[in-house]
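Chain by chain, the residues:
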Amino acid sequence: MTDKNKKGNIYKMSRKEKYENSSRRQQTFLSPEDIAAGRKTFWHGIEITGNVRNLSPTLWQFEHLTAVYINDNNLLRLPNDIGLLCNLKTLDVSSNKLRSLPAELGELIHLRELLLNNNLLRVLPYEIGKLFHLQILGLHGNPLGKDVMSIYNEPNGTQKLLTYLLDNLTVNVPPPPQRPWIPLARPNRSRPTCIFTVMCYNVLCDKYATRQMYGYCPSWALSWDYRKKAILDEIRHYSADIISLQEIETEQFYHFFKPELKNDGYEGIFSPKSRAKTMGENERKYVDGCAIFYRTSKFMLLKEHLVEFNQLAMANAEGSDNMLNRVMPKDNIGLAALLKVKDSAWESITPEQALLTQPILVCTAHIHWDPEFCDVKLIQTMMLGNELKSILDETNHSLRPSHKYDINNVQLLLCGDFNSLPDSGVIEFLSSGRVSMDHQDFKELGYKSCLQRLLGTEAFDEFTHSFKLASAYSEDIMPYTNYTFDFKGIIDYIFYSKTGMVPLGLLGPISSDWLREHKVVGCPHPHISSDHFPLLVELELLYNPTQTPNGLIGRR
């Protein structure tokens, strides 16, 4: 096959070239001896040739087929039922007499090769644009319009044509129904209480939202100008008191989110990923990072803190080349805000009690994404926990003389995209407070000694932290927080101090019926602006300033 073929523009082959090509398909037939021995066939392709005019409806029942060759026949039409062959990767209907194609062809989203050469096609259904895995598209030998063929004949013409078709496909899918609110508990009115909501949302920054990554989404629905309005509308719709965001571009934070949310009564803090420090001003504005917004009527910022995992790795790499070679190059960050709960946010509180209310330490993080670096994910999370402990110790030292805050009772709210499944070492560590030093996620890469120094532990069998955390969401409530064609799973979390906060309710999942009925194979989607779904939890902060140790930090 020529280079031109590999790009998707199939030239017209003579029948001799087509059938005598050395790469021609081969078939194996069982001999009588094979059959007698009980050997069975295992086939995924079918070939039908011989001036066939009609196809048996039985063909569409073979959903296991990955290749169908019905070229060189006299077919006048393809039935709509061809869309039932959901596993097809190759479909050759060249050299027939097709004048039109069914829209259901667009349901064959696994197709990588579609040969339509030498038919009588004058138009293509826009649904073909949904075939985002398509690598080879044969169109020559059809009386197609100049608008289609001019795009097709350009360099990388197949992909450009798919984009054109998908962008012009009318979206007839209704918006998803409102996500349900799931009540969990009633607030305790017998003592002072503060009730607030928190959102965690990876908004998918512009530079990652490409057709190469999300070929099933029209380019207009991937554009930032389209998505940013929908993202802001969603944030405003849920109107959380604390908003934790990931993948916010620097320029978008300062020139869009911050001024827009300020109008709604929020202040916010932000930090880009560590690579921004090495860039010029023009490049730096496109670096994404993490942000925390808080409602000023309920909270006041006492202190903010940036956690740079690459700096911590470099400072603690002695004794581990992998700490330098695997952990240090990743520029993920965590961002923390120590917030004072304003008196007006408390219910049934006396002036004397208000003097002893505890702050909340809010943290957002975006942990490294690559599944091959599960060791890096776990170490970054351990570093984050250690830094949060240091922040509290430092805060305790600096604020205690004022006697305004009971630092021993600071409660933690930890949100973020941890890029880790519920059965990972990361979530085991956060949820249980411990992880074995021999955990498989460390990949036996010799981190033990430097991590022992970093965490200041003398234990020889496990690493621990002193936070008492619980995840607001569970797998039975939210089966996935990240929803793409290639991956669907839980990687976003809201952790809270389980003895200092009580979850009162949370936002349920997006309708699985809607996703299934409208064949939404992945997000973003014209109605869903990110590949992540936002999490939203209502929490009750308990007033208990005399508790020692507090609901978060167990002094060991």
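Residues numbered from 1 in each chain as written. Predicted model: local features only at pLDDT ≥ 70, side-chain atom pairs only at ≥ 80, totals over all residues. Heavy atoms only, no water.

Novice: If you had to explain the layout of surface pockets to someone new, which residues and values would you point to?
Specialist: One number sums up the size of the largest pocket: a volume of about 1,400 Å³. In terms of lining residues, the largest pocket is bounded by 49 residues, among which Met-213, Tyr-214, Trp-369, Thr-484 and Asp-531 are the most central. Where the lining of the largest pocket is concerned, the elements lending two or more residues are α5 (157–167) and α13 (374–399). In terms of residue count, the dominant contributor to the lining of the largest pocket is α5 (four residues). Approximately 810 Å³ is the volume found for the second largest pocket. Taken together, 31 residues line the second largest pocket, and the ones lying closest to its centre are Glu-107, Lys-130, Val-173, His-518 and Lys-519. Of the residues that constitute the lining of the second largest pocket, the class distribution is 15 nonpolar, eight polar and eight charged. (1 Å grid on protein atoms, 1.4 Å probe; cavity = no way out; pocket = protein on both sides within 12 Å on 5 of 7 lines; lining within 4 Å. Points joined across faces, edges and corners; volume = space filled by probe spheres on them. Helix = DSSP H or I, 4+ residues; strand = E, 2+ residues; numbered from the N terminus. Nonpolar A, V, L, I, M, F, W, Y, C, P; charged D, E, K, R; others polar.)

Novice: Provide a residue-level description of empty space enclosed by the protein, including the pertinent values.
Specialist: Taken as a whole and judged by the stated rule, the model has two cavities of 30 Å³ or more. What the largest cavity holds in volume is close to 50 Å³. Of all elements in the fold, only α13 and β15 (411–417) reach the threshold of two or more residues within the lining of the largest cavity. Among the elements that line the lining of the largest cavity, the one with the most residues is α13, at four residues. For the lining of the largest cavity, the per-class residue count stands at seven nonpolar, three polar and no charged. Roughly 30 Å³ of volume is contained in the second largest cavity. Around the second largest cavity sit Lys-303, Glu-304, His-305, Ala-336, Ala-337, Leu-338, Leu-361, Ile-391 and Thr-395, which together line it.

Novice: Can you break down the side chain of Asn-316 residue by residue, with the values?
Specialist: By the secondary structure assignment, Asn-316 is in the loop between α10 (309–315) and α11 (321–327). Owing to a relative accessible area of 18%, Asn-316 belongs among the buried residues under this scheme. Within the local environment of Asn-316, its side chain forms a polar contact with the backbone oxygen of Leu-312, the two atoms lying 2.7 Å apart. For Asn-316, the contacting residues outside a window of four places in its chain are Met-323, Cys-450, Arg-453 and Leu-454. (Buried < 20%, exposed > 50% of the residue type's maximum accessible area, 1.4 Å probe, protein only. Polar contact = N/O pair within 3.5 Å; in protein donor to acceptor, adjacent residues only side chain to side chain. Contact = heavy atoms within 4.5 Å.)

Novice: Report on the pattern of salt bridges, specifying residues and quantitative values.
Specialist: One pass over the full model with this rule turns up 21 salt bridges. Of the charged contacts, one joins Arg-326 and Asp-375 as a salt bridge, the two residues approaching to 2.7 Å between their closest N and O atoms. Taken together, the residues span a long stretch of sequence, with Arg-326 in helix α11 and Asp-375 in helix α13 at a distance of 49 residues. Residue classification places Arg-326 among the buried positions, given a relative accessible area of 18%. Shared partners join several salt bridges into a network, and the residues in it are Glu-107, Lys-130 and Lys-519. (Salt bridge = Lys/Arg side-chain N within 4 Å of Asp/Glu carboxyl O.)

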